[in-house]
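Architecture at a glance
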Amino acid sequence: MKIRGMGICAFINESTSNPERLKLKLHRAAELGLDTVELPIQGMNLLRNGQIDRDRLHMYQQLLRNVPLKYTTHAPFDLNLFRQGDYSTDAECLMASVEISGALGAELMVYHVGRFVGEEQFMFSHTWAKLTDIDKRALMVREQEWMRRAGDLGRETGVLIGMENMRPYLDCEDYAYSVSPSALAEQLEAIDHPQVGAVLDTGHLNLAVTMYGLDLIREMERLVPHIIHMHLHDNFGKACFSTEKSQYELIPLGRGDMHAPIGDGNVPFHLIAECLASTFDGHIIHEVREMYEPFWPELRERYANALIPGSEQMMAVK
């Protein structure tokens, strides 16, 4: 694997929305030998009703230029190109997020793929659209068209776009097509744009393999040619309901999308590494929850032990 950078994600709270607090986090990451930080665009409060706050963007540009790190970004989680009715603001957010990413010097932007049912709707099943296969295909085509447009803008601004395999939920099993890595690969092949690839989220993969009875190796083989970015985190492969939010209740039972450090679950990282060994070329982000920040100093060692046992020097950082 060729690792362009390894680091952590910033959090969607005041530690990111407050530039002075973010600066402290960035410097801490750099002091620990981590060289990349993934920034949530919504966490910096850079968008309002689909429009860019140019003054705040300039402020963050100045901040990031003074910290010796590389950056990736994450588009707003609630952006949904499959939104029923008027989705124009979602499309504006997508394109604005690519522009912001380029302005911040990010090499890649992570995008959550379209959802047939938005997570905010899970508790209100009467709002779920009754979509036919033809309806779903039309939404997939819509996303293909917008991702090509975003890819064109990414080419102009120097930003790759990574489409993420999504986590499954017990209360809406088929809300998103990319709970299946194979389906994500198929969509990427239909998009067929050099700036658009896949983000492999290891925790989401583990949950989906267990919940849907997928073959991990086959799913990986299908997605591997498209993977340009990774989110590394651990869990026990036990999906939960969307209403289960407290990690302090979920962790004792090993349930849900824990976003725990490598080694704190049963994700088969050795198998994932074998599938990626000769092809991966991108950034690795340890996408762990804020409660695991005390583990930041251990992340590189945990990576080496789990993915390349005894061979930490093999991490070829460009």
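Residues numbered from 1 in each chain as written. Predicted model: local features only at pLDDT ≥ 70, side-chain atom pairs only at ≥ 80, totals over all residues. Heavy atoms only, no water.

1. Let's talk about the packing of aromatic side chains
- Enumeration according to the criterion identifies seven aromatic pairs in this entry.
- Plain terms: the ring middles of Phe-122 and Tyr-175 are 5.3 Å apart, the flat faces sit at 80° to each other, and that makes the pair edge-to-face. Residue Phe-122 is found in the loop between β6 (108–112) and α5 (133–157), and its partner Tyr-175 is found in the loop between β7 (160–164) and α6 (181–191); the two are separated by 53 residues along the sequence.
- Judged by its relative accessible area of 0%, Tyr-175 is buried.
- Linked through ring pairs, Phe-82, Phe-116 and Tyr-177 together constitute an aromatic cluster.
- Cation over ring: Arg-142 sits above Tyr-87, and NZ or CZ is 3.8 Å from the ring centre.
- A cation over an aromatic ring shows up here: Arg-149 above the ring of Trp-146, its NZ or CZ 4.2 Å from the ring centre. (Phe/Tyr/Trp six-rings, centres within 6.5 Å; stacked < 30°, edge-to-face > 60°. Helix = DSSP H or I, 4+ residues; strand = E, 2+ residues; numbered from the N terminus. Buried < 20%, exposed > 50% of the residue type's maximum accessible area, 1.4 Å probe, protein only. Lys NZ or Arg CZ within 6 Å of the ring centre and 35° of its normal.)

2. Quick look at the nonpolar core
- Ranked by internal contacts, the top residues of the largest apolar core, which has 92 residues, are Tyr-111, Met-163, Met-220 and Ile-227.
- Beyond its immediate chain neighbours, meaning those up to four positions away, Tyr-111 contacts Leu-79, Leu-81, Leu-94, Glu-143, Met-147, Ile-161, Gly-162, Met-163 and Glu-164. (Core = buried A, V, L, I, M, F, W, Y, C linked by side-chain atoms within 4.5 Å. Contact = heavy atoms within 4.5 Å.)

3. Here's the deal with the confidence of the model for the chain
- Taken over all residues, the pLDDT of the chain has a mean of 95, while the share at 70 or more is 97%.
- Note on residues 310–318: pLDDT under 50 across the span, and 18 contacts to partners over four residues away in sequence or across chains. (pLDDT = per-residue confidence, 0-100.)

4. Comments concerning the layout of surface pockets
- In this structure, the largest pocket encloses a volume near 1,000 Å³.
- Forming the boundary of the largest pocket are 38 residues, of which Phe-77, Arg-167, Asp-257, His-259 and Arg-289 lie nearest the centre.
- Mapped onto the lining of the largest pocket, the elements with two or more residues apiece are β2 (36–40) and α9 (247–250).
- Residues of the lining of the largest pocket, tallied by class, amount to 17 nonpolar, nine polar and 12 charged. (1 Å grid on protein atoms, 1.4 Å probe; cavity = no way out; pocket = protein on both sides within 12 Å on 5 of 7 lines; lining within 4 Å. Points joined across faces, edges and corners; volume = space filled by probe spheres on them. Nonpolar A, V, L, I, M, F, W, Y, C, P; charged D, E, K, R; others polar.)

5. Here we look at the side chain of Gln-247
- Tracing the chain through its elements places Gln-247 in helix α9.
- The class for Gln-247 is buried, based on a relative accessible area of 8%.
- For Gln-247, the residues in contact, after removing those within four places along its chain, are Pro-252, Asp-257, Met-258, Arg-289 and Met-291.

6. Quick look at the packing of helix α8 (residues 216–223) against helix α10 (residues 269–276)
- Running from amino to carboxyl end, α8 crosses α10 at an angle of 35°, the nearest separation of the two axes being 10 Å. Handedness of the α8/α10 crossing: right-handed. In contact with Leu-216, Ile-217 and Met-220 of α8, α10 contributes Leu-271, Ile-272, Cys-275 and Leu-276.
- Grouping the constituent residues of the contact of α8 with α10 by class yields seven nonpolar, no polar and no charged. (Axes fitted to C-alpha atoms, helices over the stretch in contact; angles between N-to-C directions. Left-handed = near helix turned anticlockwise from the far one by under 90°.)

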